[in-house]
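Secondary and tertiary structure notes
If you want the building blocks of each chain, they are given just below.
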Amino acid sequence: MNGAPVRIRSRAAVALGVAAAISVVAFGWPLLVSADAVIAQGATAPWVFALLLPLVLAVVLAEISEGGLDAKAVAMLGVLSALGAAIRPLGAGTAGVETVFFLLVLGGRVFGPGFGFVLGNTMLFASALLTGGVGPWLPYQMLAAAWVALGAGLLPPARGKAELALLGGYSAVASLVYGLLLNLSFWPFALGAGSTSLSFQPGAPILDNLVRVVAFSLATSLGWDVGRAITTTILVLVTGPVLLRTLRRAARRASFGDPALTPGAAPPPPPPRPAPPM
């Protein structure tokens with residue numbers, strides 16, 4: 001994270017780690033819960049985590065904002081979030097056509113994982129307000145999108161065609177994983193526990209339930225997930241050369257986190273005068 005234009009403190013990195021652990025539970029509890037657990041018997045889990053996740057996100061966003069997002073970074077965050085909210089209705093997930101995920105990948109790549117995590121949350125939240133997509137599923141969408149952008153910020157260094165190939169491959173994989181994560185959030189209650197070969201089986205081995213949810217995804221949302229992967233990959237490859245160059249130029253000019261170059265900041269102290277000769 002130290003090479004990113006927008007850096008975050010170690011305490012914010014710890015908060016991200018805690019959010020990662022909680023998100024594993026929020027998305028993956030069907031694979032981990034025992035057969036006699038109360039959460040596996042009812043339909044309360046999505047609501048419990050839908051209420052818990054915003055609190056977790058608020059803590060993480062506060063930590064990152066306090067230590068790494070100055071006024072210039074917040075302005076860039078607002079610009080990218082507004083742009084994503086404006087273009088998302090052009091696709092809105094129809095037939096899997098998603099017009100917002102390429103911005104998450106490119107933004108996270110240029111500005112770093114901490115900025116990407118915040119961007120995924122704010123962009124999905126703003127676009128949900130415009131498209132009427134507010135509901136108990138929104139916190140899951142925000143968190144999954146946040147990890148998509150954060151993952152782009154953690155990719156290894158590359159430039160030119162190698163970087164575009166790296167981002168294109170990551171976009172395809174991340175789009176499919178995003179769909180699988182969202183399926184995990186409601187799959188246990190979609191078909192009824194154990195009623196079909198694709199249903200959630202409380203207490204079954206992890207691999208067994210994982211095979212079931214993957215089969216459920218293939219049967220119900222494969223078209224949308226593949227459409228998202230294709231759309232995101234194409235947009236990254238087409239717009240990447242221009243947007244990466246533009247965003248990196250903006251990052252250099254903004255000098256994020258450099259107080260000496262921040263508008264309104266106090267000027268640096270003058271260098272000490274040399275001692276007079278004896």
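The structure displayed is predicted, hence computed values, not measured ones. (Residues numbered from 1 in each chain as written. Predicted model: local features only at pLDDT ≥ 70, side-chain atom pairs only at ≥ 80, totals over all residues. Heavy atoms only, no water.)

1. Observations concerning the overall build of the protein
Scanning the protein from N- to C-terminus turns up 9 helices and 0 strands. Start at the N end of the protein and walk to the C end: the helices and strands fall as α-α-α-α-α-α-α-α-α. Scored against the burial criterion, the 278 residues of the protein give a buried share of 47%. Taking as baseline every contact in the protein between residues at least 6 positions apart, the subset at least 24 positions apart corresponds to 75%. Accessible surface, the protein: about 13,400 Å² in total, of which carbon and sulfur atoms supply 73%. (Helix = DSSP H or I, 4+ residues; strand = E, 2+ residues; numbered from the N terminus. Buried < 20%, exposed > 50% of the residue type's maximum accessible area, 1.4 Å probe, protein only. Contact = heavy atoms within 4.5 Å. Areas by Shrake-Rupley, 256 points an atom, 1.4 Å probe, with all protein chains shown as cover.)

2. With respect to the packing of aromatic side chains
For the structure on display, the rule yields 7 aromatic pairs. For the ring pair Phe 111 and Phe 115, a centre distance of 4.8 Å and an interplane angle of 40° mean the geometry is tilted. A residue is classified by how much of its surface remains accessible, and Phe 111, at 0% relative accessible area, is buried. On the accessibility criterion, Phe 115 (0% relative accessible area) is buried. Ring geometry for Trp 187 against Phe 200: centres 5.5 Å apart, planes inclined by 70°, an arrangement best described as edge-to-face. In this pair, Trp 187 sits in helix α7 (residues 160-190) while Phe 200 sits in the loop between α7 and α8 (206-220), placing the two residues 13 residues apart along the sequence. (Phe/Tyr/Trp six-rings, centres within 6.5 Å; stacked < 30°, edge-to-face > 60°.)

3. As for the side chain of Ser 171
You can see Ser 171 is positioned in helix α7. For Ser 171, the side chain forms a polar contact with the main-chain oxygen of Leu 167, separated by 2.7 Å. Setting aside chain neighbours within four positions, we find Ser 171 in contact with Val 105, Thr 232, Thr 233 and Val 236. (Polar contact = N/O pair within 3.5 Å; in protein donor to acceptor, adjacent residues only side chain to side chain.)

4. Section: the side chain of Ser 221
As for its placement among the helices and strands, Ser 221 is situated in the loop between α8 and α9 (222-254). For Ser 221, the contacting residues outside a window of four places in its chain are Asn 183 and Phe 216.

5. A word on the environment of Thr 99
Tracing the backbone shows Thr 99 in the loop between α3 (71-87) and α4 (101-111). Placed 132 residues apart in sequence, Thr 99 and Thr 231 show a C-alpha to C-alpha distance of 7.1 Å. At 2.6 Å, the side chain of Thr 99 and the backbone oxygen of Ile 87 are in polar contact.

6. With respect to the packing of α4 against helix α5 (residues 113-131)
Between α4 and α5, the least distance of the axes is 7 Å, while the angle of their chain directions is 155°. In this view, α4 runs roughly antiparallel relative to α5, as classed from their interaxial angle. When the axes of α4 and α5 are compared, the crossing they make is right-handed. Along its contact with α4, which presents Leu 103, Leu 104, Gly 107, Gly 108 and Phe 111, the element α5 presents Pro 113, Phe 115, Gly 116, Leu 119, Gly 120, Met 123 and Leu 124. For the contact of α4 with α5, a count of residues per class yields 8 nonpolar, 4 polar and no charged. (Axes fitted to C-alpha atoms, helices over the stretch in contact; angles between N-to-C directions. Parallel < 35°, antiparallel > 145°, perpendicular 65-115°, else oblique. Left-handed = near helix turned anticlockwise from the far one by under 90°. Nonpolar A, V, L, I, M, F, W, Y, C, P; charged D, E, K, R; others polar.)

7. As for the environment of Leu 164
In this fold, Leu 164 is placed in helix α7. In this structure Leu 164 comes out as buried when scored by relative accessible area, which is 17%. Sequence separation between Leu 164 and Val 238 is 74 residues; the distance between their C-alpha atoms is 9.3 Å. Ignoring sequence-local partners within four residues, the contact set of Leu 164 consists of Val 236, Leu 237, Gly 240, Pro 241 and Leu 244.

8. Comments concerning a positive patch on the surface
A surface patch of like charges, here positive, comprises Arg 245, Arg 249, Arg 252 and Arg 253. Following the sequence through the fold, Arg 249 ends up in helix α9. For Arg 249, a relative accessible area of 33% gives the class partly exposed. (Patch = residues over 30% accessible without salt bridge, like charges linked within 9 Å, V, L, I, M, F, W, Y side chains within 5 Å. Salt bridge = Lys/Arg side-chain N within 4 Å of Asp/Glu carboxyl O. Lys, Arg positive; Asp, Glu negative; His and termini not counted. Charge placed at Lys NZ, Arg CZ, Asp CG, Glu CD.)

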